[in-house]
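So you can see what is in the structure, the chains are spelled out below.
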Amino acid sequence: MQKQELFERIENYLNQTLSPEERRAFDQELADDPELRKAVELHRSLHEDYNTGRLQLRANLRNIMQEPLPPDPPPAAGGKLRWGLWLAILGLALFLVWRFWPEHKIAPVLPPAPPAALPPTPADPGPQKENSPIAQVDPARFAPNPGMEALVKSSVRSQSIEVTLRKPVNGRRFMPDENGVVWVRFEGSAHWSGEMRPSRFSVLFFNNKNTDQPLLEVPINVPAAATDSLKIGLHQRLKFSPGLYYFTLEDADKGEILYAGKLLIGQ
């Protein structure tokens, strides 16, 4: 047997992709061939080292997500100097107008004008809600999170489940209605081998500051008829304050991140 063929059989055996007949035949070969058993154990240890490295990478990404955002830069030192110069020029102009204004010109005496009607006092709008378009939006809500940005751009994905999302487009902006609500459409697909079939996916939403605690988790159940693929179609209602938000699609059974994206809400 060629080495490449033996390597592929061992990989298929460890990944559980052999047919039942092939697996029984391979088990019999393992019982009869000690050299084959050594090769399988070597491949198994390599698999375990690979999975341990992926778990460590996930933990490192979580630690990066928890780092605080950098402070805003101090205002430029020259701002006060420029304001002082403009005030000095304005004061000089007022002095020249007062000094050289012709004193012999006397304005004609006009009869007093009738008092103008005062405009009605506008009603007090009261405290404004955070989702109101008039309310002041904190720019820090739109500051990118370095750890999540790296996760969105990363090509690290699951080796057993392949996820493709066509909607929403990464970085799309959604404008809330008068009630502060937006609707986000998730469209895509997930594929896996038959023996690695998941039972449930989850879509988790995070703000740009605390990416360790999700704001919302939405389950996506996998029906029994979906043997090796699932068409994703989720129309989700969100009522979040204006800002930058991230989302991940995960295998709910393993807690494994399969896809990461981001969206903007409001101005």
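Before any of the text, the structure's been laid out above.
All of these numbers come straight from a predicted model, not from anything done at the bench.

J.: Tell me about the pattern of salt bridges, and name the residues and values.
T.: Once the charged atoms of two side chains with opposite charge are near each other, the side chains can pair. Throughout the structure, instances matching the rule amount to five salt bridges. A salt bridge links Arg185 to Glu187; the shortest N-O distance between them is 3.3 Å. Classification of Glu187 as partly exposed rests on a relative accessible area of 21%.

J.: Summarise the sheet that holds strand S1 (residues 161–167); cite the residues concerned and give the values.
T.: Strands in a sheet are paired, the pairing made by backbone hydrogen bonds, and the direction either parallel or antiparallel. If you trace the three strands from one edge of the open sheet to the other, you get S1-S3-S6, paired in antiparallel fashion. Two strands in the sheet have a free side with no partner beyond their single neighbour: S1 and strand S6 (229–238). Across the sheet, the axes of successive neighbouring strands diverge by a mean angle of 25 degrees, strand direction being ignored. By the bridge criterion, 10 bridges tie strand S3 (residues 182–192) to S6 in an arrangement that is antiparallel. Directly across from Arg185, in S6, lies its bridge partner His235.

J.: Provide a residue-level description of a nonpolar patch on the surface, including the pertinent values.
T.: On the surface, a cluster of nonpolar side chains totalling about 370 Å² of accessible area is made up of Leu85, Trp86 and Ile89. Residue position: Trp86 is located in helix H4 (residues 79–100).

J.: Could you give an account of the sheet that holds strand S8 (residues 256–265), with specific residues and numbers?
T.: Taken in spatial order, the five strands of this open sheet run S2-S8-S7-S4-S5, and their pairing is mixed. The open sheet has two free edges, formed respectively by strand S2 (172–174) and strand S5 (216–221), since each of these has just one partner strand. Strand-to-strand twist in this sheet, taken as the mean axis angle between neighbours without regard to direction, amounts to 30 degrees. For strand S4 (residues 200–207) and S5, the ladder comprises six bridges, and the chain directions are antiparallel. Across the sheet, the residue bridging to Arg200 is Asn221, located in S5. Across the sheet, helix H5 (residues 146–153) lies against strand S7 (243–251) and S8, angled at about 50 degrees from S7, the strand it touches most.

J.: Could you give me a rundown of unusual backbone geometry, with the residues and numbers involved?
T.: Glycine aside, residues mostly have negative phi angles, and peptide bonds mostly take the trans form. Note the cis peptide between Lys167 and Pro168, where omega equals -5 degrees. Positive phi values are uncommon outside glycine, yet Gln16 reaches one of about 60 degrees. Mapped onto the fold, Gln16 is located in the loop between helix H1 (3–14) and helix H2 (20–32). For Gln16, a relative accessible area of 40% gives the class partly exposed.

Rules behind the numbers
- Residues numbered from 1 in each chain as written.
- Predicted model: local features only at pLDDT ≥ 70, side-chain atom pairs only at ≥ 80, totals over all residues.
- Heavy atoms only, no water.
- Salt bridge = Lys/Arg side-chain N within 4 Å of Asp/Glu carboxyl O.
- Buried < 20%, exposed > 50% of the residue type's maximum accessible area, 1.4 Å probe, protein only.
- Pairing = 2+ DSSP bridges.
- Helix = DSSP H or I, 4+ residues; strand = E, 2+ residues; numbered from the N terminus.
- Axes fitted to C-alpha atoms, helices over the stretch in contact; angles between N-to-C directions.
- Patch = residues over 30% accessible without salt bridge, like charges linked within 9 Å, V, L, I, M, F, W, Y side chains within 5 Å.
- Areas by Shrake-Rupley, 256 points an atom, 1.4 Å probe, with all protein chains shown as cover.
- Contact = heavy atoms within 4.5 Å.

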